[in-house]
Amino acid sequence: MRKILILVTLTFYAIGLPAQSIREEIQKNIRCSASNYMAYPNPQQHELTPAPGGKKPFYISHYGRHGSRYHNLPATYDIPYQTMAAADSLGKLTPLGADVLHRLELIRCDAKDHWGELTELGARQHREIIKRMVRRYPEIFRGRVTVDARSTMSTRCILSMEYAMMQLSEMLPTAQIHHNATFRDMYYLNQQDKRLFAMKMDSATRVRYFEFTKNYEDNSRLMKSLFNDTAYINNKVDAGKLNYFLFKVASNLQSTHLNNAMTLYDLFTDEEIYRNWKKENAWWYICYGNCPINGGLQPYTQRNLLRRIIEQADSCISLKKPGAQLRFGHETVLLPLVCLLEVEDYGLSTDNLESLDRRGWANYRIFPMGANLQLVFYRQSPADEDVLFKVLLNENEVHLPLKSVEDVYYHWSDFRKYYLSKLDAYVEQ
């Protein structure tokens, strides 16, 4: 029963699990199909790799996405509801269609005037992430540790930061916490590059994308399950549009308090769920990944953020006890940043959109609600110039395209050299 499946706790969540295909992963946990609407799963990795050579953690640099939220626009709820309501007024709904209309009405009422707002789950996610961070790295958070937190100007990001800081202050009453949200930081927290953005879905790229998606646009079974008149479906219902919005509403229910009360996933077969995800995954890859179809430059929208991370890390390394720098923003920043860093296989460059899932490029593994990237720095003492660090994506250790020290640890000097050279080689568009 599909309703039972969506209540099952995520059994694993990691980058590149070779024994299981993405299709199988989605079938086992339907929530994965939600792409950027997937609620944050707890980290799969519980035992972290010990640091080599007596190195101890002394500094964390972090970028996190806001927690679970409602949909941004009323239209996301209004369009499917109004489509179903119009059909109901003419007696064109099946019994299932009438039931779906009732569910949509409840969901729509719950979301009213909460557009884009952080949910209770979203607040909880950031408190729990910080709690695990402090417990994992007690050496960093001892005594009067300094924590600098910055957020974009989005209310849900500011609140995500504040809930994280509330948790931190409860656990560490002597911590020196500085937190702010100012337009002055927006150039790197949420860089807006109009020229690169214009390249995302230019006319040629749009043609390629729709050539891909046309193979996944059969919505006839779903429409016949909702409407009792084929002529009405053909003449009055935009099947592709209705499918799209029903799936969006279904995907985001997991982030609200209605999560355990109802579902819309029961409207879709396993194959339809996979097809909906596959289209979204390709869209995110084109718009934010290293996709050669539109030039492969979208990850460079985060060049300011990466430079800022490097500059601030260099400055903090010179301090005896630097503490933590925490940044709060959006998935449209975190995804291209992960691709720019070439974490695991996310620097993938291919014009074969059909191959993305086969090659391990899965959006939900990068940016669920509350997603975060942590750079954790290690040394023996403040006099130790051989600084090592590791990267965690959603609190799981991941790899970079650099020579490692004992699997997941890297020399900070190698990181600086590789990525500053990469940034310096980029030509402004």
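Residues numbered from 1 in each chain as written. Predicted model: local features only at pLDDT ≥ 70, side-chain atom pairs only at ≥ 80, totals over all residues. Heavy atoms only, no water.

1. Overview of the pairing of strand β6 (residues 388–393)
Turning to step 1, where the next piece is worked out: For β6, the buried fraction is high: six of the six residues fall into the buried class.
Turning to step 2, where the next piece is worked out: Side chains Leu388, Lys390 and Leu392 project from β6 onto one buried face, and the interleaved Phe389, Val391 and Leu393 project onto a second face that is buried too.
Turning to step 3, where the next piece is worked out: Summarising the sheet, strand β5 (residues 372–379) and β6 pair through six bridges and their orientation is antiparallel. Along β6, the bridge assignment pairs Phe377 with Phe389.
Turning to step 4, where the next piece is worked out: Pairing analysis gives two bridges linking β6 to strand β8 (residues 410–411), with the strands arranged antiparallel. Bridge pairing links Leu388 to His411 in β8. (Buried < 20%, exposed > 50% of the residue type's maximum accessible area, 1.4 Å probe, protein only. Helix = DSSP H or I, 4+ residues; strand = E, 2+ residues; numbered from the N terminus. Pairing = 2+ DSSP bridges.)

2. Brief notes about the pairing of strand β1 (residues 56–65)
Turning to step 1, where the next piece is worked out: Within β1, nine of the 10 residues are buried, leaving the element largely enclosed by the surrounding structure.
Turning to step 2, where the next piece is worked out: Here eight bridges tie β1 to β5, and the two strands are oriented antiparallel to one another. Looking across to β5, one finds that Tyr63 is bridged to Leu373.
Turning to step 3, where the next piece is worked out: Looking at chain direction, β1 and strand β4 (residues 323–329) are connected through seven bridges and run parallel. Bridge pairing links His62 to Leu326 in β4.

3. A word on the environment of Ile140
Turning to step 1, where the next piece is worked out: The topology assignment puts Ile140 in the loop between α5 (120–136) and β2 (146–151).
Turning to step 2, where the next piece is worked out: For the pair formed by Ile140 and His46, sequence separation is 94 residues and the distance between their alpha carbons is 19 Å.
Turning to step 3, where the next piece is worked out: Filtering out sequence-adjacent residues up to four positions away, Ile140 remains in contact with Pro57, Phe58, Tyr59, Ile60, Val145, Lys321, Gly323 and Val376. (Contact = heavy atoms within 4.5 Å.)

4. A closer look at the packing of aromatic side chains
Turning to step 1, where the next piece is worked out: Scanning all chains against the criterion turns up 28 aromatic pairs.
Turning to step 2, where the next piece is worked out: Ring geometry for Tyr285 versus Trp361: centroids 5.1 Å apart, planes at 75°, classification edge-to-face. One end of the pair, Tyr285, is in helix α13 (residues 270–288); the other, Trp361, is in the loop between α15 (331–341) and β5, with 76 residues separating them in the sequence. Note on accessibility: Tyr285 and Trp361 belong to one class, buried.
Turning to step 3, where the next piece is worked out: The interplanar angle of 45° and the centroid separation of 6.1 Å between the aromatic rings of Phe389 and Tyr410 together place this pair among those described as tilted. Within this pair, whereas Phe389 is found in strand β6, its partner Tyr410 is found in strand β8, the two being separated by 21 residues in sequence.
Turning to step 4, where the next piece is worked out: Classification of Phe389 as buried rests on a relative accessible area of 0%.
Turning to step 5, where the next piece is worked out: The class of Tyr410 is buried, set by a relative accessible area of 1%.
Turning to step 6, where the next piece is worked out: Looking at Arg23, its charged tip hangs above the ring of Tyr274, at a distance of 3.9 Å from the centre.
Turning to step 7, where the next piece is worked out: Its guanidinium or amino end placed over the ring of Phe197, Lys200 lies 4.3 Å from that ring's centre, counting from NZ or CZ. (Phe/Tyr/Trp six-rings, centres within 6.5 Å; stacked < 30°, edge-to-face > 60°. Lys NZ or Arg CZ within 6 Å of the ring centre and 35° of its normal.)

5. Let's talk about the confidence of the model for the protein
Turning to step 1, where the next piece is worked out: This prediction gives the protein a mean pLDDT of 94; 95% of its residues lie at or above 70.
Turning to step 2, where the next piece is worked out: Confidence over residues 1–19 falls short of pLDDT 50; this stretch has 50 contacts with residues more than four positions distant or in other chains. (pLDDT = per-residue confidence, 0-100.)

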